[in-house]
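# A closer look at the structure
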Amino acid sequence: MIHEPDASRPRPSDDGAPAPVSIAARAMAALRPDGASYLSGLNPEQRRAVEATEGPVLVLAGAGTGKTRVLTTRIAHLIATGKARPYDILSVTFTNKAAREMKHRIGQLIGPAGEGMPWLGTFHAIGTKILRRHAELVGLKSDFTILGTDDQLRLMKQVIADQNIDEKRWPARSLAHTIDGWKNRGLGPEQVPPGEAQAFAFGKGGQLYAAYQARLATLNAVDFGDLLLLCLKLWRDNPDILANYQDRFRYILVDEYQDTNVAQYLWLRLLAQARKNVACVGDDDQSIYGWRGAEVDNILRFEHDFPGATVVRLERNYRSTGHILAAASGLIARNEGRLGKTLRTEDAAGEPVTVTGAWDSEEEARQIAESIESLQRKGHPLSEIAVLVRISAQMREIEDRFVQVGLPYRVIGGPRFYERAEIRDALAYLRVTMNGADDLAFERIFNTPKRGLGDATLQTLHAYARADRIPLLAAARKLIETDELKPRARSMLRGLVESFSRWTRLVEAKPHPEVAQTILEESGYTEMWQKDRSADAAGRLENLKEFVRSMEEFPDMAGFLEHVSLVMEASEAEGADRVSLMTLHAAKGLEFDTVFLPGWEDGLFPNQRAIDESGRAGLEEERRLAHVGLTRARKRAKLSFAVNRRIHGLWSSTIPSRFIDELPPHAVDVIEAPAHFSAGASRFDRNPAPFGSSYGTPGWQRAQANTAGGFGSGRGGGRSGGPREIEGELVAKSTATPSAFSGGQRVFHTKFGPGTVAGVDGNKLTVDFDKAGRKMVLDSFLQPG
DNA sequence: CTATGCAACTTTTTT
DNA sequence: AGTTGCATAG
């Protein structure tokens with residue numbers, strides 16, 4: 001989990017450049033600054049980006065143009081030429097994964113010399129490091145705790161309750177969001193514009209923010225946002241310290257610059273101000289995190305902020321075929337407000353991007369599964385196939401289908417390991433053991449597993465703690481000596497308090513994984529899950545095992561806890577050949593031979609909510625998301641849409657995504673799936689407007705001309721012979737056999753329920769459903785009712 | 001204090 | 001639809 005990414009995982013390799021040379025050659029290169037071999041594999045633009053070491057540099061690196069390679073080579077170059085030693089370079093990324101990948105690749109380039117780069121890491125990891133050194137100056141102790149989202153929320157609830165605000169009208173979640181927003185913009189409680197501070201609960205927003213920060217300080221804790229915000233405060237209040245860091249970081253490199261928020265931007269600008277040796281690498285066309293505070297403006301404004309900046313465009317793509325690139329470029333060209341890049345490749349055009357329609361999302365899932373099986377039969381490894389969805393809700397149906405036909409798959413993303421309840425609980429036990437003053441952790445496991453301690457006991461505890469200004473655990477210790485509690489609660493609480501004392505002593509005596517194991521067993525926590533009959537209990541126990549095992553990689557318990565909140569990740573089963581299933585957001589930075597992109601329907605993708613909330617900016621971000629999706633594919637990109645989809649449990653008709661119409665026709669093949677809406681009366685005839693524009697595209701006309709195509713519906717891939725036969729059979733069936741139903745007849749549809757047949761056209765019926773309204777359905781989905 | 005049932009809520013996700 | 005949080009009854 002905390003070690004290297006496993007080899008089976010799709011490699012986030014961002015470049016298609018030549019393979020690394022031998023170790024010896026690399027070592028030699030590190031010794032010879034001139035004509036260094038690490039430079040020889042670069043194309044001219046890449047080389048320019050690497051060699052422009054002095055002054056501000058902006059590298060606009062399109063998808064698949066060797067972004068990471070430029071970054072790592074640049075670091076190697078700085079070190080090899082003697083311009084900087086590893087610890088002179090500040091190199092920031094957004095994710096731990098990216099940081100790890102960079103470390104790994106620098107190691108490959110220059111050997112162990114690069115391994116000791118102390119200032120390579122995420123914004124938050126580096127922020128933490130800096131804050132621990134100067135904690136007192138921002139009102140903390142250097143062993144401050146970093147709160148995760150759920151602790152943050154619990155604290156927020158307390159703050160809201162303290163102010164006598166109805167938490168139902170003003171949910172903690174929403175306050176957390178508001179405060180996060182301020183922090184993302186680099187605003188401390190005093191800096192929030194007065195107008196905005198009125199935002200929450202009758203103008204109490206600013207007040208609540210201040211109260212929340214005060215609570216954090218009392219707990220000697222920070223949240224993620226503080227890791228950056230407090231650095232800013234530190235530097236602003238202590239110019240000498242800022243000057244020290246400005247001097248220390250001779251060269252600054254930033255990955256994924258398009259994802260920086262205002263706080264990160266200010267953070268960087270403060271550091272870069274003196275030397276101005278700052279190189280930012282990013283792609284405005286891949287900015288997809290605007291909704292969580294990322295400012296595309298940061299990248300668009302770079303030349304303005306750093307006058308005289310060198311701008312290098314990397315446009316030579318080493319990943320995708322011509323057609324895929326053409327589709328992606330054509331699409332993204334519709335966006336305004338971009339710096340403008342045109343990806344090009346020297347590779348062949350390859351297969352056109354395909355667009356397939358399906359009757360409903362279930363059929364879409366079936367088509368994808370069949371298509372994958374067909375690729376599999378041709379020897380295509382499953383690990384090189386990905387299905388990228390817009391929202392995670394789309395995954396369920398696809399998973400269902402995969403399970404049915406026995407396609408091995410894995411979901412990437414989802415709840416992070418350290419966010420899982422059982423891990424948070426286990427961590428809470430350890431936190432209290434190590435630090436009896438960690439009230440949030442104590443409160444979390446106070447009655448987990450159930451030990452008959454409820455709200456009443458907790459309130460009494462809180463009262464005690466507040467009166468004496470002591471932590472909850474200490475308050476509990478006093479409380480059990482009084483007779484304020486009922487005997488039952490008192491003895492349970494005594495048991496818990498004594499356990500913690502025992503466990504704390506154990507830490508000195510035994511290796512930390514063993515201590516953790518003991519705590520989980522003696523507390524009854526393991527037992528709680530063993531008794532649990534629910535489906536995921538086994539998985540949770542498994543996670544707990546993994547949790548204990550992972551501790552071995554740290555020198556001691558304290559070291560483990562220190563890093564865990566920032567760095568912990570889910571462990572993946574290794575080695576297996578599986579299809580990857582994930583959201584488009586999770587796919588950034590990955591690449592696959594074949595990429596399926598289902599759900600290209602207006603409302604879903606582009607997502608209606610994104611448009612409602614952010615208007616044209618929202619639409620453009622959706623378009624960038626589409627661009628990211630397409631550019632994940634090396635050889636094949638397969639788009640699809642469904643004409644009917646269940647949204648929030650209700651079936652609704654959908655229309656193909658406007659993005660489909662925006663694709664350049666010459667790069668796209670439209671594959672008309674089964675005969676549902678190809679011939680005769682279809683719902684499009686009655687309602688042609690939404691889809692109308694597509695009729696004009698050559699691809700669509702081609703599709704109409706040959707009702708041929710892809711992947712039949714029906715069978716779970718049992719039939720051999722490939723798509724064509726299945727499809728032929730289907731077409732024959734659908735045109736030849738007259739329908740067994742007639743007008744007025746009562747029927748039952750598996751999805752729409754009971755209804756009355758209103759019209760018949762071959763095997764296609766118009767049915768007035770009792771609940772779902774008038775729909776056009778295939779008779780094969782109907783039973784006489 | 002716990003178990004049960006009902007209501008509300010559903011974009012995307014890192015640290 | 002499906003979960004998840006909350007209120008009520010036990």
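Reading the values: rules and limits
- Residues numbered from 1 in each chain as written.
- Chains lettered and ligands numbered in written order.
- Predicted model: local features only at pLDDT ≥ 70, side-chain atom pairs only at ≥ 80, totals over all residues.
- Heavy atoms only, no water.
- Phe/Tyr/Trp six-rings, centres within 6.5 Å; stacked < 30°, edge-to-face > 60°.
- Helix = DSSP H or I, 4+ residues; strand = E, 2+ residues; numbered from the N terminus.
- Buried < 20%, exposed > 50% of the residue type's maximum accessible area, 1.4 Å probe, protein only.
- Lys NZ or Arg CZ within 6 Å of the ring centre and 35° of its normal.
- Near = heavy atom within 4 Å.
- Polar contact = N/O pair within 3.5 Å; in protein donor to acceptor, adjacent residues only side chain to side chain.
- Nonpolar A, V, L, I, M, F, W, Y, C, P; charged D, E, K, R; others polar.
- Salt bridge = Lys/Arg side-chain N within 4 Å of Asp/Glu carboxyl O.
- Expected span 1.5 Å × (residues − 1).
- Arc of directions from axis to C-beta.
- Contact = heavy atoms within 4.5 Å.
- Core = buried A, V, L, I, M, F, W, Y, C linked by side-chain atoms within 4.5 Å.
- 1 Å grid on protein atoms, 1.4 Å probe; cavity = no way out; pocket = protein on both sides within 12 Å on 5 of 7 lines; lining within 4 Å.
- Points joined across faces, edges and corners; volume = space filled by probe spheres on them.
- pLDDT = per-residue confidence, 0-100.
- Pairing = 2+ DSSP bridges.
- Axes fitted to C-alpha atoms, helices over the stretch in contact; angles between N-to-C directions.

## So, the packing of aromatic side chains
Scanning the entire structure with this criterion turns up 23 aromatic pairs. With a centroid separation of 5.1 Å and an interplanar angle of 75°, the aromatic rings of Trp119 and Phe249 are classed as edge-to-face. A residue pair is termed long-range when its members are at least 10 positions apart, and Trp119 in the loop between helix 5 (96-110) and strand 3 (120-122) and Phe249 in the loop between helix 12 (239-248) and strand 6 (251-254) qualify at 130 residues. There is no split in this pair, since Trp119 and Phe249 are both buried. Measuring from centroid to centroid gives 5.5 Å for Phe547 and Phe560, while their planes differ by 70°, and the two rings are edge-to-face. With a gap of 13 residues between them, Phe547 in helix 26 (residues 537-550) and Phe560 in helix 27 (residues 557-567) connect regions that are remote in the sequence. Per residue, the accessibility class of Phe547 equals that of Phe560, and both read buried. Through a chain of ring-to-ring contacts, three or more aromatic side chains come together here, namely Phe94, Trp119, Phe123, Trp235, Tyr245, Phe249 and Trp267. Lying over the aromatic face of Phe144, Arg132 brings its terminal NZ or CZ to 4.2 Å of the ring centre. Its guanidinium or amino end placed over the ring of Trp291, Arg292 lies 5.9 Å from that ring's centre, counting from NZ or CZ.

## Section: the protein's contact with DNA strand C
Every residue near DNA strand C is listed here: Lys168, Arg396, Arg646, His648 and Gly649. Within 4 Å of the protein, the contacting atoms of DNA strand C are drawn from sugar and phosphate to the extent of 70%. Here Arg396 contributes a side-chain N or O atom positioned 3.3 Å from a sugar or linking oxygen of DNA strand C. In the surface near DNA strand C, the residues fall into no nonpolar, two polar and three charged.

## Quick notes on the pattern of salt bridges
By the definition in use, this model includes 53 salt bridges. For Asp283, the salt bridge identified is with Lys341, shortest N-O distance 2.7 Å. With a gap of 58 residues between them, Asp283 in the loop between strand 7 (278-282) and helix 14 (296-300) and Lys341 in the loop between helix 16 (322-332) and strand 9 (353-360) connect regions that are remote in the sequence. Each of Asp150, Asp151, Arg154, Arg424, Asp425, Arg431, Asp438 and Arg444 takes part in salt bridges that share partners, so that together they form one network.

## Focus on helix 10 (residues 205-218)
With 14 residues, helix 10 extends 20 Å from end C-alpha to end C-alpha; this agrees with the ideal 20 Å at 1.5 Å per step. Of the residues making up helix 10, those classed as buried are Gly205, Gly206, Leu208, Tyr209, Tyr212, Gln213 and Leu216. Each buried residue of helix 10 lies within a common arc of 160° when the element is viewed along its axis, so the set occupies one face. Residues of helix 10 that are buried make contact with helix 7 (149-162), helix 8 (172-184), helix 9 (194-197), strand 5 (221-222) and helix 11 (224-237). Looking one or two places after helix 10, you find Asn220, whose phi comes out positive at around 55°.

## Notes on the side chain of Glu620
With respect to the helices and strands, the residue Glu620 is situated in helix 29 (residues 608-631). For Glu620, a relative accessible area of 8% puts it in the buried group. For Glu620, the side chain forms a polar contact with the main-chain nitrogen of Glu336, separated by 2.8 Å. If near-sequence neighbours (up to four positions away) are discounted, Glu620 is found in contact with Arg334, Asn335 and Glu336.

## Some thoughts on the nonpolar core
One finds Leu90, Ile130, Trp235, Ile252 and Trp267 to be the most contacted residues of the largest nonpolar core, which totals 70 residues. The biggest single contributor to this core is helix 11, with eight residues. Discounting residues that sit within four places of it in the chain, Ile252 has contacts with Leu90, Leu268, Leu271, Ala272, Asn277, Val278 and Ala279.

## A short note on the layout of surface pockets
Size it by volume and the second largest pocket reaches roughly 1,400 Å³. Considering the residues around the second largest pocket, the lining is formed by 48 residues, among which Leu219, Ala437, Asp438, Asp439 and Leu440 are closest to the centre. Of all the elements in the fold, those that place two or more residues in the lining of the second largest pocket are strand 4 (145-146), helix 7, helix 10, helix 19 (421-434), helix 20 (439-445), helix 21 (455-468) and helix 27. Here the lining of the second largest pocket gets seven residues from one element, more than from any other, and that element is helix 21. When the residues that make up the lining of the second largest pocket are grouped by side-chain class, the tally is 20 nonpolar, ten polar and 18 charged.

## Here's the deal with the protein's contact with DNA strand B
Surveying the vicinity of DNA strand B reveals 30 residues, the closest of which are Arg390, Ser392, Gly454, Thr583 and Arg609. Within 4 Å of the protein, atoms of DNA strand B come from sugar and phosphate in 58% of cases. Between Trp291 and DNA strand B, the recorded distance is 3.3 Å, taken from a side-chain N or O atom to a base oxygen. Take Glu613: an N or O atom from its side chain is 3.1 Å from a base oxygen of DNA strand B. Secondary structure elements with two or more residues in the surface near DNA strand B: helix 21 and helix 29.

## Observations concerning the confidence of the model for chain A
Where the model shows low pLDDT, its predicted coordinates should not be examined in detail. For chain A, per-residue confidence averages 81 on the pLDDT scale, and residues scoring 70 or more make up 80% of the total. Of the regions scoring below 50 in pLDDT, residues 675-738 engages in 97 contacts with residues more than four places distant in sequence or in other chains.

## A look at the sheet that holds strand 6
Pairing in this open sheet of six strands is parallel, and the strands run 3-2-6-7-1-8 from one edge to the other. Unpaired on one side and paired on the other, strand 3 and strand 8 (310-314) mark the two borders of the sheet. When strand polarity is set aside, the average angle formed by the axes of neighbouring strands in this sheet is 15°. Note that strand 2 (residues 89-93) and strand 6 share four bridges and pair parallel. Considered in strand 6, the bridge of Leu90 is made with Ile252. Contacting strand 1 (57-61) and strand 8, helix 3 (residues 44-51) crosses the sheet at an angle of about 145° to strand 8. Against the sheet, helix 4 (residues 67-80) contacts strand 1, strand 2, strand 6, strand 7 and strand 8, and its axis sits at roughly 170° relative to strand 6.

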